[in-house]
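Single-letter residue listing:
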Amino acid sequence: MNPLNNAASPDASVLTNGSGAAAILSAGIGSFALAVLACAGDKLEAVKNSLIFYKPTGPLSGVTTTAILIWLVAWGILEWRWRNRTVGVGLISVIALGLLGLSLMLTFPPVVDLF
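Residues numbered from 1 in each chain as written. Predicted model: local features only at pLDDT ≥ 70, side-chain atom pairs only at ≥ 80, totals over all residues. Heavy atoms only, no water.

## Points about a nonpolar patch on the surface
Moving on, step 1. Side chains of Ile68, Leu72 and Trp75 sit close together on the surface and give an oily, nonpolar patch of about 270 Å² of accessible area.
Moving on, step 2. Here Ile68 lies in helix H3 (residues 59–82).
Moving on, step 3. With a relative accessible area of 45%, Ile68 lands in the partly exposed category. (Patch = residues over 30% accessible without salt bridge, like charges linked within 9 Å, V, L, I, M, F, W, Y side chains within 5 Å. Areas by Shrake-Rupley, 256 points an atom, 1.4 Å probe, with all protein chains shown as cover. Salt bridge = Lys/Arg side-chain N within 4 Å of Asp/Glu carboxyl O. Helix = DSSP H or I, 4+ residues; strand = E, 2+ residues; numbered from the N terminus. Buried < 20%, exposed > 50% of the residue type's maximum accessible area, 1.4 Å probe, protein only.)

See below:
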């Protein structure tokens, strides 16, 4: 049997990349959520007060807990939608890296002070 034609056989299992792409994009979404929540917690008193889940740590406890929940929900939804699909990992990676870059900028004090 020719190994090159093996992929065309009906028995061949198809490798999908949806689960990996879901993990990559959800990481970008989670990091961006962390930066936005941290920025909002610093600048808006109402957000700051609503993010205090554990009094000794202040709003940081709510910022990190909420960002982790957003990351997990995004990962779960994307995994559910993409688990058996092949998606464009290049575009997904560019979007995730863009979100990561924006999140790094939002945690840089001179950028946050613009808001």
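Moving on, there is more to tell.
## Overview of the nonpolar core
Moving on, step 1. Within the largest apolar cluster, eight residues are counted, these being Ala21, Ala22, Leu25, Leu78, Trp82, Val87, Ile92 and Leu99.
Moving on, step 2. Breaking this core down by element, the ones donating at least two residues are helix H1 (18–43), H3 and helix H4 (89–106).
Moving on, step 3. The element that contributes the greatest number of residues to this core is H1, accounting for three residues.
Moving on, step 4. Not counting residues up to four positions away in its chain, the partners in contact with Leu78 are Ala22, Leu25, Ser26, Ile29 and Arg83. (Core = buried A, V, L, I, M, F, W, Y, C linked by side-chain atoms within 4.5 Å. Contact = heavy atoms within 4.5 Å.)

## As for H4
Moving on, step 1. Taking 1.5 Å as the rise per residue, H4 with 18 residues should run 26 Å; its terminal C-alpha atoms sit 25 Å apart, in good agreement.
Moving on, step 2. Considered for burial, the residues of H4 that qualify are Ile92, Ala96, Leu99, Ser103 and Leu106. Buried positions in H4, seen along its axis, are confined to an arc of 85 degrees and lie on one side of it. Opposite its buried face, H4 presents the exposed residues Leu91, Val94, Leu97 and Leu104, each directed more than 90 degrees away.
Moving on, step 3. Considering only its buried residues, H4 is in contact with H1, H3 and helix H5 (109–112). (Expected span 1.5 Å × (residues − 1). Arc of directions from axis to C-beta.)

## Digging into the environment of Ala33
Moving on, step 1. Note that Ala33 resides in helix H1.
Moving on, step 2. Residues Ala33 and Ile70, 37 residues apart in the sequence, show an inter-C-alpha distance of 7.1 Å.

## Side note on the side chain of Ser61
Moving on, step 1. Mapped onto the elements, Ser61 comes out in helix H3.
Moving on, step 2. Of the polar contacts made by the side chain of Ser61, one reaches the backbone nitrogen of Phe53; its length is 3.1 Å. (Polar contact = N/O pair within 3.5 Å; in protein donor to acceptor, adjacent residues only side chain to side chain.)

## Focus: the packing of H1 against H3
Moving on, step 1. For the pair H1 and H3, interaxial distance at closest approach is 8 Å and the crossing angle is 155 degrees. Our classification of the angle between H1 and H3 gives roughly antiparallel. Between H1 and H3 lies a crossing of right-handed hand.
Moving on, step 2. Taken together, the residues of the contact of H1 with H3 sort by class into 18 nonpolar, six polar and one charged. (Axes fitted to C-alpha atoms, helices over the stretch in contact; angles between N-to-C directions. Parallel < 35°, antiparallel > 145°, perpendicular 65-115°, else oblique. Left-handed = near helix turned anticlockwise from the far one by under 90°. Nonpolar A, V, L, I, M, F, W, Y, C, P; charged D, E, K, R; others polar.)

## As for the packing of H1 against H4
Moving on, step 1. Their axes nearest at 8 Å, the elements H1 and H4 cross at an angle of 20 degrees. When the interaxial angle is binned, H1 and H4 end up roughly parallel. The interaxial crossing formed by H1 with H4 has left-handed handedness. Contacts between H1 and H4 involve Ala21, Ile24, Leu25, Gly28, Ile29, Ser31, Phe32, Ala35 and Val36 on the former and, on the latter, Ile92, Ser93, Ile95, Ala96, Leu99, Leu100, Leu102, Ser103 and Leu106.
Moving on, step 2. Classifying every residue of the contact of H1 with H4 by side-chain character gives 14 nonpolar, four polar and no charged.

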